[in-house]
Structure formats: C-alpha cells, structure tokens
Amino acid sequence: MGRVRNFISFDLEFWYDSEFIKDKKKASEENDLIVESVNRIKRILNAHNTKATFFVTGKIMEKYPNIIKDLSQNGHEIASHGYSHTMLNELGRDDFEKEMELSREMIKKITGENPRGFRAPSWSISKDEFWAYKILDNLGFKYSSSLFPVNMGLYGSSKFPVLPFKPLENSNLIEIPISPFEVANTRIPFSGGVYFRILPKKLISFFMKKMNERGKSVFLYLHPWEFCPEIPKVKTSLVGKITTYYGVKNNEKKLDYILSNFDFCPFKTIFLSDKNL
Ligand SMILES: [Zn+2]
C-alpha cells in the first residue's frame, strides 16, 4: 500500500468577498492586504518546502497579475475560483460559463497553461448546481473541489460523498470534496476556514493522523486573509464575526505546526501516482 498523500489549497480572494461581510465593507478596497497576506503564506510554505494550489478569482488576477505569475513560477498550482466570487445559484448557467471562460483565459495568459482545477465561491455547488460540472468539463477543467459534505446552513450537504468521485457519466472530471472527520455517523468539518481556526492544532493533527491511518487523504482549504490580523473590523452578525476574525492571530503558528507534522502537495498531483511525484 502506498503512503497516503495530503493536499493543501488557498482560496485567493479579497478578504471582503465573504458572504457574511460582502455588503458591509466600507472603503476597504484600497487596503486589501493581498501583498502582505500572500507574502506571509509564501514564507510559511517555503519554510516547509511545500507547494500548494491557489484557487484565484479573476478580480485578483486583474489587479495582481505579477503575484500570480510569481506563485506559478515558484511551482505552485494556479487554479480558478471564478471571476467575481459570486455564488453559482446567483450567477446561473450562462454567466457561470462566461466567468469560467474568462478565468481560464486569464490563467492561461499569466501562467502559460490551462488551469486544471476549479473551486466554487462559498462552496456554492449544491445538488441544484450539478450543471456546473458539464460546463467545467467542456472548458477542459479536470477537477473541481467545490463540495462541502457537511450541512452548514449557508452551504454544504451531508448527503454528498466524502471521497473524490466522478460527477459526470461520460467524463473523467473529478470532484474532490473537502475532508470532514467521520466519527460514528457524524461528519465534523475541520480541514479549513473557520473550523481550522477554531479547533486546537492537536485535535486537527489527531483527525489527520486518524484519517491517514484509515487510508484517506486530507484536503485542506485556507485563505491568505485568514493569516492577516490587520484586516479591518466591520460590523457584522455574530456568525459573521466568528467566520471572519476568530483565530486569525494564531493561524500562522497553527499552520506551521501542521506543516511540521505532515507533508502536503498541490491538488493537481492527485492525478499522479506516487512514483511520479
Ligand atoms: Zn472564496
């Protein structure tokens, strides 16, 4: 049996793209902290000699093409996080297709390669948006990592598979759901975002170790802004506050700890066998 690999990704978007604070941001656009937050992530990844996948929005690529180029030249995978960070049910099929075509062209122009991967903004593929897979397949995408297999209200469903699967009959496109920890009949989200920030590092480590022992890979998802305690405070709901600000201060240390204990690779390497790595 080959060793179990783990995978790491960052959704590169503006900190105010979150559904909880989208409408509440105030004059924050100049102070977007992209340069600072990406530098911080690069420093942590370099310290552990780790390459990651960056799911990047078109708006970020438009404003910071050189940052994306630099990430690509340093061996990180550049994948698509759509163009405008709009949820798929709001976009609808036609606008989703337009956004994805544009995003694909932007990535190709910056990196010289067609992107393989896509992540839906705010996990917005629910069972009503499975049409998105056909569009992704037609545009040459090889995988999506857009399902949250735990019901969280705003997004996710406990009915989704936990392991990577092929959502289309006549295509090899795969969907890589984000990893929950399964205990009894319960799925516990832990592998990214606010769950990664809330849970203690030793518990995250324990979940990962257990999953790897069970032969399951862990797919991590983080955001560069989650490593930026400088992000401006905006008035929002309690849930919005926790989702946006909780644990940001300690996140760098936590990721450093996890990267010290586990090896990670970019999502695209799921298509490579161990001997090709
Ligand atoms: Zn996002």
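Because the structure is predicted, anything quoted here is derived from the model rather than measured.

### Quick word on the nonpolar core
If you look at soluble globular proteins, the nonpolar side chains tend to sit buried side by side.
Okay, step 1: Counting 49 residues, the largest nonpolar core has I8, F10, L12, F54, I68, F190 and L255 as the members making the most contacts within it.
Okay, step 2: Here the element with the most residues in this core is helix α1 (residues 34–47); it accounts for 5 residues.
Okay, step 3: If you look at the next biggest cluster of nonpolar residues, it comprises 19 residues, including L91, A120, I125 and F165.

### Let's talk about the coordination of the zinc ion
Okay, step 1: The protein atoms that coordinate the zinc ion are E13 (OE), H81 (NE2) and H85 (NE2), at distances of 1.9 to 2.1 Å.
Okay, step 2: The class of H81 is buried, set by a relative accessible area of 1%.
Okay, step 3: You can call H85 buried: its relative accessible area is 3%.

### Description of empty space enclosed by the protein
Okay, step 1: Inspection of every chain in the model, using the stated rule, returns 2 cavities of 30 Å³ or more.
Okay, step 2: Size it by volume and the largest cavity reaches roughly 40 Å³.
Okay, step 3: In terms of lining residues, the largest cavity is bounded by L12, E13, D32, L33, I34, S37, P224, W225, C228 and I231.
Okay, step 4: Residues that form the lining of the largest cavity fall into these classes: 7 nonpolar, 1 polar and 2 charged.
Okay, step 5: Looking at the second largest cavity, its volume works out to about 30 Å³.
Okay, step 6: Looking at the second largest cavity, the residues that line it are F148, V150, I178, S179, P180, P189, F190, S191, G192, Y195 and Y221.
Okay, step 7: Across the lining of the second largest cavity, the residue classes tally to 8 nonpolar, 3 polar and no charged.

So, how was this worked out
- Residues numbered from 1 in each chain as written.
- Predicted model: local features only at pLDDT ≥ 70, side-chain atom pairs only at ≥ 80, totals over all residues.
- Heavy atoms only, no water.
- Core = buried A, V, L, I, M, F, W, Y, C linked by side-chain atoms within 4.5 Å.
- Buried < 20%, exposed > 50% of the residue type's maximum accessible area, 1.4 Å probe, protein only.
- Helix = DSSP H or I, 4+ residues; strand = E, 2+ residues; numbered from the N terminus.
- Donors = N, O, S within 2.8 Å, 3.2 Å for Na, K, Ca; no water.
- 1 Å grid on protein atoms, 1.4 Å probe; cavity = no way out; pocket = protein on both sides within 12 Å on 5 of 7 lines; lining within 4 Å.
- Points joined across faces, edges and corners; volume = space filled by probe spheres on them.
- Nonpolar A, V, L, I, M, F, W, Y, C, P; charged D, E, K, R; others polar.

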